[in-house]
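A look at the structure
Here's the letter readout for the chains.
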Amino acid sequence: MHKNKWMGRRFNQWIENNLRQMFGDEWMLDNPPANFEVLLNYSTKLKQTCGSYEYSIANRLRKLGLPIEHQAIYFNRYIADLTLFEARTIIELDGPEHQFKKEKDQTRDEVFIRFGFDVHRWPMPMKTEDLDRKILSFFKAYRRFAKNYPLKPLVRSPLLEKAYPNGLVQRALNLKEIKSKKDH
């Protein structure tokens, strides 16, 4: 993963100052910036544990040529599900749990919009025809950002067990059970 040249201390200070001017001190107290390392680890964990529909949607858009990124970190506070960075566009895939987080999602969307991002919220799960229609309309709206070369599909890390503290122990126990079944 290459390091963004704009993600330095001054850029983070600029973001903090702009957020403070836009939303005030009370908002800053309710939405403190996260430790970047913690956010990076959480983003990695989300990449490994998220639903397969995120990968399938991202890969369908990548197949159309759009350079979609998965679980990208913004403003040292938020992780976006899918991002078309060059277009400053975010797709949030909202499962049933988002019914209880509407106010938080609205505030988050407001931050992105104030910084010039387009935010698309897609309810999940969605019927296949509706999803096809959404993907096609999204592609039509952002086709100018499509690449004319093949993009590698996004894949889940093969070591999903490492996302959990006891994963390696559990994997070892499973291998032991398999070996004992073969011996008998």
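Anything mentioned here points back to the structure above.
Not measured: the values here are computed from a predicted model. (Residues numbered from 1 in each chain as written. Predicted model: local features only at pLDDT ≥ 70, side-chain atom pairs only at ≥ 80, totals over all residues. Heavy atoms only, no water.)

1. A word on the nonpolar core
A general feature of soluble globular proteins is that nonpolar side chains tend to end up buried together. Counting 19 residues, the largest nonpolar core has I57, L61, L66, I68, L84, W122 and F138 as its most contacted members. Those elements giving two or more residues to this core turn out to be α3 (52–63), β2 (78–84), β3 (89–94) and α5 (128–142). With five residues, the top contributor of residues to this core is α5. Formed by 15 residues, the second largest nonpolar core is a distinct cluster that contains L19, A72, Y78 and V111. (Core = buried A, V, L, I, M, F, W, Y, C linked by side-chain atoms within 4.5 Å. Buried < 20%, exposed > 50% of the residue type's maximum accessible area, 1.4 Å probe, protein only. Helix = DSSP H or I, 4+ residues; strand = E, 2+ residues; numbered from the N terminus.)

2. Re the pairing of strand β1 (residues 69–74)
Of all six residues in β1, five are buried, a share of seventy percent or more. Bridge analysis of β1 against β2 gives five bridges, and the strand direction is antiparallel. If you follow A72 over to β2, its bridge partner there is A80. Where β1 folds back onto β2 in an antiparallel hairpin, the turn is made up of three residues, including F75, whose phi is positive at roughly 55 degrees. (Pairing = 2+ DSSP bridges.)

3. Some words on α3
Helix length check: α3 (twelve residues) gives 16 Å between terminal C-alpha atoms against 16 Å at 1.5 Å per residue, within 8%. Within α3 the residues assigned to the buried category are E54, Y55, I57, A58, L61 and R62. One side of α3 holds all its buried residues, which, seen down the axis, span an arc of 165 degrees. Among the exposed residues of α3, those pointing more than 90 degrees away from its buried face are S52 and K63. Phi turns positive one or two residues past the end of α3, at G65, with a value near 105 degrees. (Expected span 1.5 Å × (residues − 1). Arc of directions from axis to C-beta.)

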